[in-house]
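# Observations on the three-dimensional arrangement
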Amino acid sequence: MAGDAAEWIGSVFLFIQTDAHQLNLPHLYKDSLQQLNVYRALQLTLKEATEDAHKAEILKVLSTDKQLIMHIKFSSEKICVQFLRSYSSGRVRQSLLNHLRMTFPVPHAAVQTQLRAGGEQLDSLLGEEQQCIKCISNQKWTDCCQERTIRNLQN
């Protein structure tokens, strides 16, 4: 890792899909009564994966018919690498599943994830950590602020 300069910024999109019959995550996120519960599961998962809540933040959560898309901003290359290693080992997916199971009664739910930065699908590049870091750092999003919904959920 080249020096972890304070100005290092990168972002990534985490695509999350669940079995709609067991746990319809997009539907739950759109439900105003459940949105905070889903967000907390996402936030706790990110915190566990990076061990530093201040250097990784959720900018936006998008909900499609079949999946949630979490836009994550990293303000530290070290934290980004920690996230990539957690993701690569399956800890991100398992942590998310654990948090969802604690909130929603879904003992047999499954979670599939996919990581993307720009046009690159990073799951196939996870063995090439520096290539992943480069793809993520190319997605600066310095002018992108947290979505109002996310700011409201944090308060």
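Structural data are supplied above this passage.
Residues numbered from 1 in each chain as written. Predicted model: local features only at pLDDT ≥ 70, side-chain atom pairs only at ≥ 80, totals over all residues. Heavy atoms only, no water.

## Description of the pattern of salt bridges
Going by this rule: Salt bridges are counted wherever a side-chain nitrogen of Lys or Arg sits within 4 Å of a carboxyl oxygen of Asp or Glu. Helix numbering and strand numbering both begin at the N terminus, where a helix is a DSSP run of H or I of at least 4 residues and a strand a DSSP run of E of at least 2. Exposure classes here rest on a 1.4 Å probe applied to the protein chains alone. A residue is buried below 20% of its type maximum, exposed above 50%, and partly exposed in between.
Scanning the entire structure with this criterion turns up two salt bridges. Among the ionic pairs, E57 bridges to K73, the shortest N-O distance being 3.8 Å. Within this pair, whereas E57 is found in strand β2 (residues 56-63), its partner K73 is found in strand β3 (residues 67-74), the two being separated by 16 residues in sequence. With relative accessibility at 13%, the residue K73 sits in the buried group. Notably, a salt bridge pairs R85 with E129, separated by 2.9 Å at the nearest N-O pair. Of this pair, R85 sits in helix α3 (residues 77-89) while E129 sits in helix α5 (residues 129-137), placing them 44 residues apart in sequence.

## Structural notes on the packing of helix α2 (residues 35-50) against α3
Going by this rule: Angles here are taken between N-to-C directions and fall from 0 to 180 degrees, while the axes themselves are lines fitted to C-alpha atoms, restricted in helices to the stretch in contact. In what follows, roughly perpendicular refers to angles from 65 to 115 degrees, roughly parallel to angles under 35, roughly antiparallel to angles over 145, and oblique to any angle outside these ranges. For this analysis, residues touch if any pair of their heavy atoms sits within 4.5 Å. Think of it as three bins: nonpolar holds Ala, Val, Leu, Ile, Met, Phe, Trp, Tyr, Cys and Pro, charged holds Asp, Glu, Lys and Arg, and polar takes everything else, Gly as well.
Two elements in contact, α2 and α3, have axes whose closest approach is 7 Å; the angle formed by their N-to-C orientations is 105°. Our classification of the angle between α2 and α3 gives roughly perpendicular. When α2 is examined against α3, the residues L46, A49 and T50 are found in contact with a partner set consisting of I79, Q82, F83 and S86. Here the contact of α2 with α3 is composed, by residue class, of four nonpolar, three polar and no charged.

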